[in-house]
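Now for the letters of each chain:
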Protein chains: 2
Amino acid sequence: LTAADDIVSLADIERAAVGLQDLAVRTPLLSNPVLDEMLGGRILLKVETLQRTGSFKFRGAWNRMLLIPQARRANGVVAVSAGNHALGVAAAGRLLGIPATIVIPIDAPRIKIDEARRLGADVRLYDRNTEDRESIANEIADGRGATLVPPYDDRAVIAGQGTVGLEMAQDARQLGAAFDDVLVCCGGGGLAAGVSTAMQAWSAVTKVWSVEPEDCDDTRQSLLAGHRVPPRGNQRSICDVLVTPQPGELTFTVNQRRLAGGLAVTDEEVRSALQFAVRTLRLVVEPGGCAALAALLSGKIESKGRTVGVVLTGGNIAPDRLIELLSTPKPL
Amino acid sequence: LTAADDIVSLADIERAAVGLQDLAVRTPLLSNPVLDEMLGGRILLKVETLQRTGSFKFRGAWNRMLLIPQARRANGVVAVSAGNHALGVAAAGRLLGIPATIVIPIDAPRIKIDEARRLGADVRLYDRNTEDRESIANEIADGRGATLVPPYDDRAVIAGQGTVGLEMAQDARQLGAAFDDVLVCCGGGGLAAGVSTAMQAWSAVTKVWSVEPEDCDDTRQSLLAGHRVPPRGNQRSICDVLVTPQPGELTFTVNQRRLAGGLAVTDEEVRSALQFAVRTLRLVVEPGGCAALAALLSGKIESKGRTVGVVLTGGNIAPDRLIELLSTPKPL
């Protein structure tokens, strides 16, 4: 067994899938004839925007929170998140009857704060410039005996996100398709680690690639360096959910072993992919949810004559922001 | 056999499904946890916005055009349409190598005219006020020996649209669900006739309802009158694709026998459903494509404790128009 296998295995992901049955939406693996014709390949879109809470994050949160012993559940959970992980934890908390406290920066997209509250979470806003989110979270956890639910650097979280890859592999086989490549949006790397583990267990020749914003390409840079390094750029991007300071320890160990490589896209490529998603795919995707699609559309890998899987990871975008991004002439 | 069975049967629809295999997208039958919780029922959305050409219309057009004898195919086809039927015929024509001419009003949504051209159709624009579309189409058909492809009042077209209902029935069974009600957007009634025929063959207790804009409720009025009558209202609606002068002869014969009744929605209810689709379902739907969803959300039928199928029929909407409809304060 390699270290990567010790962290997460196909069996872990299969167990997570059993726990998610009837709770997670079985999201479609979708073809679009215009896209296929445009690229001359067979593109299969895993549409996690249609998932419970509008992103794949529910899968990992649920799988992690199932592990909390009954006796500790009443003490609640705490999560630090500016985005979709918050909603995943809030939704899982409500379904499991576990009180959830979410530590969210005050400048997070309003729609996510409101939605976390609608799902019954207790929201603790903080100021990125003056407060340290980790100490706020630890204080809450220590005070109440609450369990911290990490966004990505956790075996159960990685296994939960891996169910995305398991479903893709199953559905592709049903369609008689075999993936040459799979593109996955990447923040801390939990989804990439889970998907690549499931995918390679089913099909060793499939290449799985992480996709990050150019200025937050910590996983790409770390893969090139052979160890964890911070991103090259200034960590600014319209893909708010993909901005992370460096890869997770566990996720990077898995990704270093499993990924074919790291790709990066510009904000302009992301916006153009978002417009394509709305206009041609008729799907609402948030900027960070279409980084992988942006990599495909801007030709970061060869798709002609190939079968390519693309995960559309999230669709939590306020109508106003959507309108802004659809209005072409306006600069980013 | 009743007259309705003579027009279209489950066997006709099953044959259409075989012909559409690998050409039509197998669109998902989707759940959304927020929607289910909001209404207290189990709602299954048939997402035909994800169909080839962005609406269910490809199904009927393809099934009709398959019947054209090889010797006549080179003469081409002609269709009269302001919308999605045009795209269905254009796409089927390209796949079958049949030249397609589409007679489109000059005030049709630009996106549909452009897309018909992109699909290789010859577009003949006409002025609704000064020209008669039927005589233009007949002239083209007579001159070239081209085949007219009617938008709804045709057995093969109805059978093609019926594959939507067949897939819904199959997928619901797979999910262990049984529909109490199914809501279908209705223009000329081809989709309603096809879906109700398939649905009732699988589940006789399921009630299928047509949904129309209030001022274009010709099917509802005709069902009440017991014979075909024009709509009550002024035939104006934001649901451009659902504006029809009266039900088809064949479609009404089927719908009179099969439908539980006709429902109608206001433009305001449609706009609100479209906003819900974008914000909560993360799906782009055109106004006429969410009339059935509007009926559900505005409580035209009881959904609490029931299993309700809703067809989202089309998603061909220009980004500018989408922005307009998402901008709440602006009047319709």
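Read on for an overview of the structure. Since we're looking at a predicted model, the values are computed, not measured. (Residues numbered from 1 in each chain as written. Chains lettered and ligands numbered in written order. Predicted model: local features only at pLDDT ≥ 70, side-chain atom pairs only at ≥ 80, totals over all residues. Heavy atoms only, no water.)

Before going further, it helps to spend a moment on the relation of the copies chain A and chain B. Least-squares fitting of chain A to chain B yields an RMSD of 0.0 Å, with the superposition described by an axial translation of 0.0 Å and a rotation of 180 degrees. Both copies of the chain, as the preceding transformation shows, are related through a two-fold rotation axis. Residue Leu283 of chain A, judged by its C-alpha, is the member of chain A lying nearest the rotation axis, at 2.5 Å. Interface residue correspondence from chain A to chain B reaches 100%, placing this contact among same-surface, isologous pairings. (Least-squares fit on C-alpha atoms with pLDDT ≥ 70 in both. Contact = heavy atoms within 4.5 Å.)

Quick look at the pattern of salt bridges now. Considering all chains together, one arrives at 42 salt bridges over all chains under this definition. Among the ionic pairs, Arg110 of chain A bridges to Asp114 of chain A, the shortest N-O distance being 3.3 Å. Pair noted here: Arg110 of chain A and Asp114 of chain A are both in helix α7 (residues 110-118), with a separation of 4 residues, about one helical turn. On the accessibility criterion, Asp114 of chain A (37% relative accessible area) is partly exposed. Residues Arg321 of chain B and Glu324 of chain B are paired through a salt bridge, measuring 3.1 Å at the closest nitrogen-oxygen approach. Of this pair, Arg321 of chain B and Glu324 of chain B both sit in helix α15 (residues 319-326), 3 residues apart, roughly one helical turn. Salt bridges here are not isolated pairs; linked through shared partners, they connect Lys46, Glu48, Arg59 and Glu167 of chain A. (Salt bridge = Lys/Arg side-chain N within 4 Å of Asp/Glu carboxyl O. Helix = DSSP H or I, 4+ residues; strand = E, 2+ residues; numbered from the N terminus. Buried < 20%, exposed > 50% of the residue type's maximum accessible area, 1.4 Å probe, protein only.)

Attention shifts here to the nonpolar core. By size, the foremost hydrophobic cluster in this structure holds 86 residues, and its most contacted members are Leu183, Leu293 and Val310 of chain A together with Leu183 and Leu293 of chain B. Sequence-distant contacts of Leu293 of chain A, defined by excluding residues within four places in its chain, comprise Leu45, Ala273, Phe276, Ala277, Leu281, Val310 and Leu312 of chain A. (Core = buried A, V, L, I, M, F, W, Y, C linked by side-chain atoms within 4.5 Å.)

One non-glycine residue, Arg282 of chain A, lies in positive phi territory at about 60 degrees. Here Arg282 of chain A lies in the loop between α13 (267-281) and α14 (291-297). A positive phi angle, near 55 degrees, is found at Gln235 of chain B, a position not held by glycine.

Take the interface of chain A and chain B next. Between chain A and chain B, the contact holds 27 residues from the first and 27 residues from the second. Between chain A and chain B, a total of about 2500 Å² is buried, with carbon and sulfur atoms accounting for 66% of that surface. Seen at the junction of chain A and chain B, the total is 2 salt bridges. Its salt-bridge partner being Arg94 of chain B, residue Glu37 of chain A comes within 2.8 Å of it at the nearest N-O pair. (Buried area = accessible area lost by both parts, 1.4 Å probe.)

Residues and elements named next belong to chain B. Read from one edge to the other, the open sheet built from 4 strands follows the order β5-β4-β3-β6, with strand pairing classed as parallel. Each end of this open sheet is capped by a strand with a single partner; those strands are β5 (122-126) and β6 (147-148). Here helix α7 (residues 110-118) sits on the sheet and contacts β4 (100-105) and β5; the angle it forms with β5, its principal contact strand, is near 150 degrees. (Pairing = 2+ DSSP bridges. Axes fitted to C-alpha atoms, helices over the stretch in contact; angles between N-to-C directions.)

All names here are of chain B. Neither face of strand β3 (residues 77-80) is open: one carries Val77 and Ala79, the other Val78 and Val80, and all of them are buried. Looking at chain direction, β3 and β6 are connected through 2 bridges and run parallel. By the bridge assignment for β6, Val77 is matched with Thr147.

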